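# Descriptive structure summary
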Amino acid sequence: MDGQTMTAAPVLILLGPPGAGKGTQARMLEEKFGLVQLSTGDLLRAAVAQGTEAGKQAKAVMEAGGLVSDEIVIAILRDRLAEPDCAKGVILDGFPRTTVQAEALDRLLAETGQKIDAAVSLEVDDAAMVTRISGRYTCGGCGEGYHDAFKQPAKAGVCDKCGGTEMKRRADDKAETVASRLEAYHAQTAPLIGYYEEKGALSRIDAMGAIDKIAADLGAIVEDATAH
Ligand SMILES: [Zn+2]
């Protein structure tokens, strides 16, 4: 024995509302640990483009205006996980969304002796998140970003960079819109959080702090998962 044990590649799930920095964190994990982020949309598109068996089924369903079934998504995921770049581990994004999907995923992973090593919930303070997102605006001239609470131009309404006076706000960033998006997220995710909590796989990370701190917390969870 050389002291090394064969371990299955870690499988992580990142849960977090829009604005919690999930994409940024996933990219950092990809760079630092060689994990591959698998998002459902990308998986479907790739499988359809490659014309795999499951991809053909997905294409037929989508062309008929239907929703791709869990079985098809699982089949696509099975194919994808077998590819060599997934050997160091994966981060799942956008799947599972329901506990039924989570159970199907557990069965799939069990086929190769894998499991969900960590379901990480990026936790946000809803009120602070509404302030953070709804305060954003950009200069229509040069695209410089500003914020009502955190970064005002030196002269109100005038861009520091280009002197432009046309400031833009995204309709999506309205306080009510952000609040209802967060509400929908919590309603949708609560059962999943409960599911992984029961399995002892849930970790919660404060996603309101500095990006580096969040990355360090996440890194520790990945290292822990990889060591098992
Ligand atoms: Zn400007």
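Everything quoted here is computed from the prediction, not taken from an experiment. (Residues numbered from 1 in each chain as written. Predicted model: local features only at pLDDT ≥ 70, side-chain atom pairs only at ≥ 80, totals over all residues. Heavy atoms only, no water.)

## Re the overall build of the protein
In terms of regular secondary structure, the protein is built from eight helices and eight strands. Burial statistics for the protein: of 228 residues in total, 39% are counted as buried. Of the contacts made within the protein by residues no fewer than 6 positions apart, 67% connect residues no fewer than 24 positions apart. Working note: accessible area of the protein is about 12,600 Å², and carbon and sulfur atoms make up 53% of it. Of the charged side chains in the protein, 25 are positive and 34 negative, and the gap between their average positions amounts to 6 Å. (Helix = DSSP H or I, 4+ residues; strand = E, 2+ residues; numbered from the N terminus. Buried < 20%, exposed > 50% of the residue type's maximum accessible area, 1.4 Å probe, protein only. Contact = heavy atoms within 4.5 Å. Areas by Shrake-Rupley, 256 points an atom, 1.4 Å probe, with all protein chains shown as cover. Lys, Arg positive; Asp, Glu negative; His and termini not counted. Charge placed at Lys NZ, Arg CZ, Asp CG, Glu CD.)

## Notes on the packing of helix α2 (residues 40-50) against helix α4 (residues 70-81)
Two elements in contact, α2 and α4, have axes whose closest approach is 10 Å; the angle formed by their N-to-C orientations is 80 degrees. Taken together, the axis directions place α2 and α4 in an arrangement best described as roughly perpendicular. On α4, the residues touching Thr-40, Leu-43, Leu-44 and Ala-47 of α2 are Val-73, Ile-76, Leu-77 and Arg-80. (Axes fitted to C-alpha atoms, helices over the stretch in contact; angles between N-to-C directions. Parallel < 35°, antiparallel > 145°, perpendicular 65-115°, else oblique.)

## Observations regarding the coordination of the zinc ion
Taken together, the protein ligands of the zinc ion are Cys-139 (SG), Cys-142 (SG), Cys-159 (SG) and Cys-162 (SG), with distances of 2.3 to 2.4 Å. Relative to the metal, the four donor atoms surrounding the zinc ion lie at angles of 100 to 115 degrees, and the coordination shape comes out tetrahedral. All donors of the zinc ion come from a single chain, and their spacing in sequence reads C-x2-C-x16-C-x2-C. Remark: Cys-162 occurs in the loop between β6 (145-147) and β7 (167-168) and Cys-142 occurs in the loop between β5 (136-139) and β6; sequence separation between them is 20 residues. For Cys-162, a relative accessible area of 42% gives the class partly exposed. (Donors = N, O, S within 2.8 Å, 3.2 Å for Na, K, Ca; no water. Tetrahedral: all angles 85-135°; square planar, octahedral: opposite > 155°, others 65-115°.)

## Remarks on the sheet that holds strand β8 (residues 202-206)
Ordered in space as β2-β3-β1-β4-β8, the five strands form an open sheet in which the pairing is parallel. Here the strands that pair on one side only, and so sit at the sheet edges, are β2 (36-39) and β8. Taken pair by pair, the neighbouring strands of this sheet meet at an average axis angle of 25 degrees, ignoring direction. Direction of pairing for strand β1 (residues 11-15) relative to strand β3 (residues 90-93): parallel, over a ladder of three bridges. In the sheet register, Ile-13 faces β3, and the bridge partner there is Leu-92. Sitting on the sheet, helix α1 (residues 22-33) is in contact with β1, β2, β3 and β4 (118-123), with an inclination near 160 degrees to β1. Against the sheet, helix α8 (residues 211-227) engages β1, β4 and β8, with an angle of about 165 degrees to β8. (Pairing = 2+ DSSP bridges.)

## As for the sheet that holds β6
The antiparallel open sheet is built from three strands, whose spatial order is β6-β5-β7. Whereas interior strands pair on both sides, the edge strands pair on one side only; in this sheet they are β6 and β7. Summarising the sheet, β5 and β6 pair through three bridges and their orientation is antiparallel. Across the sheet, the residue bridging to Tyr-137 is Tyr-146, located in β6.

## What about the packing of helix α6 (residues 126-134) against helix α7 (residues 175-198)?
Working note: a packed helix pair is described by the angle between its axes plus the distance between those axes. Direction vectors running N to C along α6 and α7 enclose 140 degrees, while the axes themselves pass 9 Å from each other. Classed by the angle they form, the pair α6 and α7 counts as oblique. The handedness of the crossing between α6 and α7 comes out as right-handed. Between α6 and α7, the contacting residues are Asp-126, Met-129, Val-130, Ile-133 and Ser-134 on the first element and Ala-175, Val-178, Ala-179, Arg-181, Leu-182 and His-186 on the second. Taken together, the residues of the contact of α6 with α7 break down into seven nonpolar, two polar and two charged. (Left-handed = near helix turned anticlockwise from the far one by under 90°. Nonpolar A, V, L, I, M, F, W, Y, C, P; charged D, E, K, R; others polar.)

## Quick look at the environment of Asp-42
Its place among the elements puts Asp-42 in helix α2. Sequence spacing of Asp-42 and Leu-105 is 63 residues, and the spatial spacing of their C-alpha atoms is 18 Å.

## A short note on the side chain of Gln-101
Topologically, Gln-101 is positioned in helix α5 (residues 99-110). Relative accessible area serves as the criterion here: at 12%, Gln-101 is assigned to the buried category. Within the structure, the side chain of Gln-101 is placed 2.6 Å from the backbone nitrogen of Arg-97, a separation counted as a polar contact. (Polar contact = N/O pair within 3.5 Å; in protein donor to acceptor, adjacent residues only side chain to side chain.)

## Some points on unusual backbone geometry
With an omega of 0 degrees, the peptide bond running from Phe-95 to Pro-96 counts as cis. Position of Pro-96 among the secondary structure elements: in the loop between β3 and α5.

In short, shape yes, function no, at least from these values alone.
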